[in-house]
Amino acid sequence: MDRPRVRIRFGKQGDLRWLGHRDLVRLWERTCRRAGLRLAHSQGFHPKPKMSFPLALAVGILSVDEVMEIELAEPCSPEAIWAQLTTHAPAGLQVKQVELLPAGVPKARVRAVHYQMAIPPDRQAQLTQWIAWWNAQRADPLKQKDSGLSPGVRALEAIRLEGGQLEFTLRPLPHGLPNPRDLLRQLGLADLEAQGAVLIRSQVELEPANSAESARGRS
């Protein structure tokens, strides 16, 4: 029997940014249980709730757009799921969107991930120069394939500095998505988090599904 699959977009904010991925999974299990959602479980001696995250979030990074998928043991409307989770979610866990996925839709795959960070005025001139250098490299396909570039730079799809806000987009490489902090090191900005700056994951962009439109819930 096909069980309902649900895709949830959520934010991980406040003190929850210090929560590791395994603790986040356990937090979601408790939240679903308190919300009265019956999750489907795997088979075997140690059955586990059927939950999946296409991309883990490193400790200390705040996020306004994360993705997870769950499989339910019984039907439930997206609106009801949204209402139940919102009522029982702890502070910092913001349920933003619920989608009921049509049968046959593959698991979520990440196409690109967007980040942002506030940059102090005294670091902006050097960063502007680096962005100009990167744009020149990007215009030359041979330079862009330079194996000497770090994974964070090779994965870079877009970058800009506007109004003191750094925004950049990383795409997965064949071995996975590089840590955004690798790029910050290349930019000479690795020390900013220790000084109080917060790295934010602003969007997880998924590969489009080839099947019919999902039935969207409340957002």
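Please read all numbers here as calculations on a predicted model, not as lab measurements. (Residues numbered from 1 in each chain as written. Predicted model: local features only at pLDDT ≥ 70, side-chain atom pairs only at ≥ 80, totals over all residues. Heavy atoms only, no water.)

(A) Empty space enclosed by the protein, seen in detail. Per the counting criterion, the structure on display carries 2 cavities of 30 Å³ or more. The calculated volume of the second largest cavity comes to roughly 30 Å³. What lines the second largest cavity is Phe10, His21, Leu24, Phe53, Leu55, Ala56, Leu57, Glu66 and Val67. Among the secondary structure elements, those contributing two or more residues to the lining of the second largest cavity are α1 (21-34) and β3 (62-71). A per-class count over the lining of the second largest cavity returns 7 nonpolar, 1 polar and 1 charged. (1 Å grid on protein atoms, 1.4 Å probe; cavity = no way out; pocket = protein on both sides within 12 Å on 5 of 7 lines; lining within 4 Å. Points joined across faces, edges and corners; volume = space filled by probe spheres on them. Helix = DSSP H or I, 4+ residues; strand = E, 2+ residues; numbered from the N terminus. Nonpolar A, V, L, I, M, F, W, Y, C, P; charged D, E, K, R; others polar.)

(B) Region of the structure containing the pairing of strand β1 (residues 5-12). When you tally the buried positions in β1, you get 8 out of 8 residues, the bulk of the element. Side chains Arg5, Arg7, Arg9 and Gly11 of β1 all project onto a buried face; the interleaved residues Val6, Ile8, Phe10 and Lys12 project onto the opposite face, where all are buried too. Direction of pairing for β1 relative to β3: antiparallel, over a ladder of 7 bridges. Following the sheet pairing, Arg9 is matched in β3 by Val67. Here β1 runs beside strand β4 (residues 93-101); their pairing, made up of 8 bridges, is antiparallel. (Buried < 20%, exposed > 50% of the residue type's maximum accessible area, 1.4 Å probe, protein only. Pairing = 2+ DSSP bridges.)

(C) Structural context of the pattern of salt bridges. According to the stated counting rule, one finds 14 salt bridges in the structure shown. The partner of Arg7 in a salt bridge is Glu69, and the shortest N-O contact between them spans 2.7 Å. Taken together, the residues Arg7 in strand β1 and Glu69 in strand β3 connect sequence positions 62 residues apart. Looking at Arg7, the relative accessible area reads 10%, which means it is buried. By relative accessible area, Glu69 is classed as buried at 4%. Arg201 is paired through a salt bridge with Glu66; the nearest N and O atoms lie 2.8 Å apart. Linking Arg201 in strand β8 (residues 200-206) with Glu66 in strand β3, this pair joins segments that are 135 residues apart in sequence. Comparing Arg201 with Glu66, the two get one shared label, buried. Through salt bridges with shared partners, a single ionic network connects Arg5, Arg7 and Glu69. (Salt bridge = Lys/Arg side-chain N within 4 Å of Asp/Glu carboxyl O.)

(D) View of the nonpolar core. Counting residues in each nonpolar core, the largest one holds 32 residues, and the members touching the most others are Trp130, Ile159, Leu166 and Phe168. Of all elements in the fold, only β5 (110-118), α3 (121-138), β6 (156-162), β7 (165-170), α6 (180-186) and β8 reach the threshold of two or more residues within this core. For Phe168, the contacting residues outside a window of four places in its chain are Val113, His114, Tyr115, Leu156, Ala158, Ile159, Pro180, Leu183, Leu184 and Leu199. Judged by nonpolar contacts, the second largest core, of 24 residues, contains Val25, Leu27, Leu72 and Ile81. (Core = buried A, V, L, I, M, F, W, Y, C linked by side-chain atoms within 4.5 Å. Contact = heavy atoms within 4.5 Å.)

(E) Structural context of helix α2 (residues 78-88). Those residues of α2 that sit buried are Pro78, Ile81, Trp82 and Leu85. Buried residues of α2, viewed axially, fall in a sector of 100 degrees; they line one side. (Arc of directions from axis to C-beta.)

(F) Broad picture of the environment of Arg111. Within the secondary structure, Arg111 is located in strand β5. When the C-alpha positions of Arg111 and Ser42 are compared, they lie 28 Å apart, and in sequence the two are 69 residues distant. Contacts of Arg111, omitting those with residues within four sequence positions, involve Glu157, Arg171, Pro172, Glu205, Leu206 and Glu207. There is a polar contact of 2.8 Å between the side chain of Arg111 and the side chain of Glu157. (Polar contact = N/O pair within 3.5 Å; in protein donor to acceptor, adjacent residues only side chain to side chain.)

(G) Focus on the layout of surface pockets. When its volume is computed, the second largest pocket comes out at roughly 170 Å³. Around the second largest pocket, the lining residues are Arg22, Val25, Arg26, Glu29, Lys48, Pro49, Lys50 and Met51. At 4 residues, the largest contribution of residues to the lining of the second largest pocket is made by α1. Counted by class, the lining of the second largest pocket contains 3 nonpolar, no polar and 5 charged residues.

(H) Geometry of the packing of aromatic side chains. For the structure shown, the criterion picks out 3 aromatic pairs. Ring plane angle 20 degrees and centroid distance 5.3 Å describe the contact between Tyr115 and Phe168, whose orientation is recorded as stacked. With Tyr115 in strand β5 and Phe168 in strand β7, this pair connects stretches of sequence that are 53 residues apart. As far as burial versus exposure is concerned, Tyr115 and Phe168 are alike and both buried. Relative to Trp133, the ring of Trp130 has its centre 5.4 Å away and its plane inclined at 55 degrees; by these criteria the two rings are tilted. (Phe/Tyr/Trp six-rings, centres within 6.5 Å; stacked < 30°, edge-to-face > 60°.)

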